[in-house]
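Structural features, examined
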Amino acid sequence: MMEYLEIFKDWLFDLGEEHEVNPWLLAMLYLISKPLFFFFLGWTIKNMKNRKPFMSQLLTACVCFSIPYLYVIIAGRNISVWVYVFIAVVYSYGGFTIYKKVTAPADPTLPA
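Residues numbered from 1 in each chain as written. Predicted model: local features only at pLDDT ≥ 70, side-chain atom pairs only at ≥ 80, totals over all residues. Heavy atoms only, no water.

Some thoughts on the side chain of Gln57
Residue placement: Gln57 occurs in helix 3 (residues 55-75). The class for Gln57 is buried, based on a relative accessible area of 9%. Residues in contact with Gln57, not counting those within four places in the same chain, are Phe40, Trp43, Thr44 and Asn47. (Helix = DSSP H or I, 4+ residues; strand = E, 2+ residues; numbered from the N terminus. Buried < 20%, exposed > 50% of the residue type's maximum accessible area, 1.4 Å probe, protein only. Contact = heavy atoms within 4.5 Å.)

Take a look at the structure:
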């Protein structure tokens, strides 16, 4: 099992070197950005329910969602077209998900 992990690690770091993307930095950006995204999205929904301004929280949630992908787009070199297509699909799905969460009617059984 350890041999497969070593092969995977070597492949991942070779790929990162080929495309000038640091896999550790990408992983850290991803792991940090997702909890922040959900925090700001929750704050957005809370403010919408309370009829308070929510645009800055929504924009911050979008930026948090985008950080790892922006790193790949800005720092990456010689990246295949399918990676850009995948990023576009992730953005589209993320935007659709945010739209559905934000526009969903409040559940009356949940406490406010």
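Brief notes about the confidence of the model for the chain
In this model, the chain carries a mean pLDDT of 87, and residues with pLDDT of at least 70 account for 96%. Per-element averaging of pLDDT across the chain places helix 1 (residues 2-18) at the bottom with 85 and helix 2 (residues 23-49) at the top with 91. (pLDDT = per-residue confidence, 0-100.)

Brief notes about the packing of helix 3 against helix 4 (residues 81-103)
Two elements in contact, helix 3 and helix 4, have axes whose closest approach is 11 Å; the angle formed by their N-to-C orientations is 170 degrees. In terms of axis orientation, helix 3 runs roughly antiparallel to helix 4. Judged by residue contacts, Leu58, Cys62, Phe65, Ser66, Tyr69, Leu70, Val72 and Ile73 of helix 3 engage Val83, Tyr84, Ile87, Val90, Tyr91, Gly94 and Ile98 from helix 4. Looking at the contact of helix 3 with helix 4, its residues break down into 13 nonpolar, two polar and no charged. (Axes fitted to C-alpha atoms, helices over the stretch in contact; angles between N-to-C directions. Parallel < 35°, antiparallel > 145°, perpendicular 65-115°, else oblique. Nonpolar A, V, L, I, M, F, W, Y, C, P; charged D, E, K, R; others polar.)

As for a nonpolar patch on the surface
A contiguous nonpolar surface patch, about 660 Å² in accessible area, is contributed by Met1, Met2, Tyr4, Leu5 and Ile7. Within the secondary structure, Ile7 is located in helix 1. (Patch = residues over 30% accessible without salt bridge, like charges linked within 9 Å, V, L, I, M, F, W, Y side chains within 5 Å. Areas by Shrake-Rupley, 256 points an atom, 1.4 Å probe, with all protein chains shown as cover. Salt bridge = Lys/Arg side-chain N within 4 Å of Asp/Glu carboxyl O.)

Topic: the state of the cysteines
Applying the stated criterion to the full structure yields zero disulfides. Summary of cysteine pairing: Cys62 is not part of a disulfide, and the nearest cysteine sulfur, belonging to Cys64, is at 9.3 Å. (Disulfide = S-S within 2.5 Å.)

Overview of helix 3
Helix length check: helix 3 (21 residues) gives 29 Å between terminal C-alpha atoms against 30 Å at 1.5 Å per residue, within 8%. Along its length, helix 3 shows its largest kink, about 50 degrees, at Ile67, and proline Pro68 lies within four residues downstream of that point. Buried within helix 3 are the following residues: Gln57, Leu58, Ala61, Cys64, Phe65, Ser66, Pro68, Tyr69, Tyr71 and Val72. Looking at the buried positions of helix 3, the neighbouring elements they touch are helix 2 and helix 4. (Expected span 1.5 Å × (residues − 1). Bend = angle between axes of the 7 residues up to and from the residue.)

Some words on the nonpolar core
Side chains of nonpolar character tend, in soluble globular proteins, to be buried together. In terms of nonpolar packing, the biggest core is built from 15 residues, with Phe37 and Ile98 touching the most fellow members. Counting residues per element, the ones that place at least two in this core are helix 2, helix 3 and helix 4. The biggest single contributor to this core is helix 3, with six residues. Ignoring any residue separated from it by four or fewer positions in sequence, one finds Phe37 in contact with Ala61, Cys64, Phe65 and Ile98. (Core = buried A, V, L, I, M, F, W, Y, C linked by side-chain atoms within 4.5 Å.)

Details of the packing of helix 2 against helix 4
One can describe the packing of helix 2 onto helix 4 by two numbers: an axis separation of 10 Å at closest approach and a directional angle of 30 degrees. With respect to the hand of their crossing, helix 2 and helix 4 are arranged in right-handed fashion. For the pair helix 2 and helix 4, contact is made by Phe37, Leu41, Thr44, Ile45 and Met48 and by Ile98, Lys101 and Val102, respectively. (Left-handed = near helix turned anticlockwise from the far one by under 90°.)

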